[in-house]
Amino acid sequence: AQSVAQPEDQVNVAEGNPLTVKCTYSVSGNPYLFWYVQYPNRGLQFLLKYITGDNLVKGSYGFEAEFNKSQTSFHLKKPSALVSDSALYFCAVRDMGSGGATNKLIFGTGTLLAVQP
Amino acid sequence: EPEVTQTPSHQVTQMGQEVILRCVPISNHLYFYWYRQILGQKVEFLVSFYNNEISEKSEIFDDQFSVERPDGSNFTLKIRSTKLEDSAMYFCASSSARGHTEAFFGQGTRLTVV
């Protein structure tokens, strides 16, 4: 069964420092991977995705993520954190049904990023 | 920038009552979804809808749930007889294609069943 794990419930980082939010996945075949961010009382906003090609993908608000097939990971990164980056971050994988990728997203449990000034 | 809009933002209903949650997907999108997030838990898939029919649904999406696209713009989720455990944030989403295409989510409807 497809699954996504976010091992950290919370990540604390000082403003200006680099940040990493971890995600590992388990799928059959090649994964379609996504990161979404949820600000308080808001919906999920798409940040970036990996489908194929370059392992380093760049997304919104200066975020990037590195796909590592051997480690089955897709960690979210940013070189310099901002206080405004504080939010809940979700990693997700497209369910690879028997007929190929379905429409269903499987989400991780989320990681709360807290950036201290 | 086009966005998915949901109404109402918050709905309080009594147990056993029917509720309808409304969504307006992005206009040129063809695939529509409902997800829910129980407080403090992960976002869970409920159902996907394409070409005026359900294309996929989860175990959560039982006979109490139904979806409809009554006109060219709205997409609704109906819960026939709400239970306390239906209390959650419900997110509507849409995408232009399946597979590798990202889904865009609305801001959610917080449903509280009392």
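An account of the accompanying structure is given in this report. Computed from a prediction, not measured in an experiment: that's the story for all the values here.

**Examining the interface of chain A and chain B**
- Taken together, the contact between chain A and chain B spans 21 residues of the former and 20 residues of the latter.
- Three residues, Leu44, Asn103 and Phe107 of chain A, lead the burial of chain A against chain B; their summed loss comes to 31% of the area buried on that side.
- Here chain A and chain B share one salt bridge between them.
- In this structure, the salt-bridge partner of Glu102 of chain B is Lys49 of chain A, at a minimum N-O distance of 2.6 Å.
- Taken together, the links from chain A to chain B amount to five residue pairs in polar contact (both at pLDDT 80 or more).
- Here the side of chain A that touches chain B takes six residues from strand E11 (residues 100-107) of chain A, the largest share from any one element.
- Each residue belonging to the side of chain A that touches chain B can be placed in one class, and the counts come to 10 nonpolar, six polar and five charged.

**What about the packing of aromatic side chains?**
- A full pass over the atoms with the stated rule returns 20 aromatic pairs over all chains.
- Ring geometry for Tyr36 of chain A against Phe107 of chain A: centres 5.9 Å apart, planes inclined by 55°, an arrangement best described as tilted. Of the two residues, Tyr36 of chain A is situated in strand E5 (residues 33-38) and Phe107 of chain A in strand E11; the sequence distance between them amounts to 71 residues.
- Taking the relative accessible area as the measure of exposure, Tyr36 of chain A reaches 0% and is therefore buried.
- Under the relative-accessibility criterion, Phe107 of chain A is labelled buried at 1%.
- Taken together, a centroid distance of 4.3 Å and an interplanar angle of 5° make the contact between Tyr31 of chain B and Tyr50 of chain B stacked. With Tyr31 of chain B in strand E4 (residues 31-37) and Tyr50 of chain B in strand E5 (residues 43-50), this residue pair connects regions lying 19 residues apart in the sequence.
- Using a relative accessible area of 10% as the deciding quantity, one classes Tyr31 of chain B as buried.
- Grouped by ring-pair contacts, the aromatic residues Tyr36, Phe46, Phe90 and Phe107 of chain A together with Tyr33, Tyr35, Phe45, Phe91, Phe104 and Phe105 of chain B constitute a single cluster.

About the criteria used
- Residues numbered from 1 in each chain as written.
- Chains lettered and ligands numbered in written order.
- Predicted model: local features only at pLDDT ≥ 70, side-chain atom pairs only at ≥ 80, totals over all residues.
- Heavy atoms only, no water.
- Contact = heavy atoms within 4.5 Å.
- Buried area = accessible area lost by both parts, 1.4 Å probe.
- Salt bridge = Lys/Arg side-chain N within 4 Å of Asp/Glu carboxyl O.
- Polar contact = N/O pair within 3.5 Å; in protein donor to acceptor, adjacent residues only side chain to side chain.
- Helix = DSSP H or I, 4+ residues; strand = E, 2+ residues; numbered from the N terminus.
- Nonpolar A, V, L, I, M, F, W, Y, C, P; charged D, E, K, R; others polar.
- Phe/Tyr/Trp six-rings, centres within 6.5 Å; stacked < 30°, edge-to-face > 60°.
- Buried < 20%, exposed > 50% of the residue type's maximum accessible area, 1.4 Å probe, protein only.

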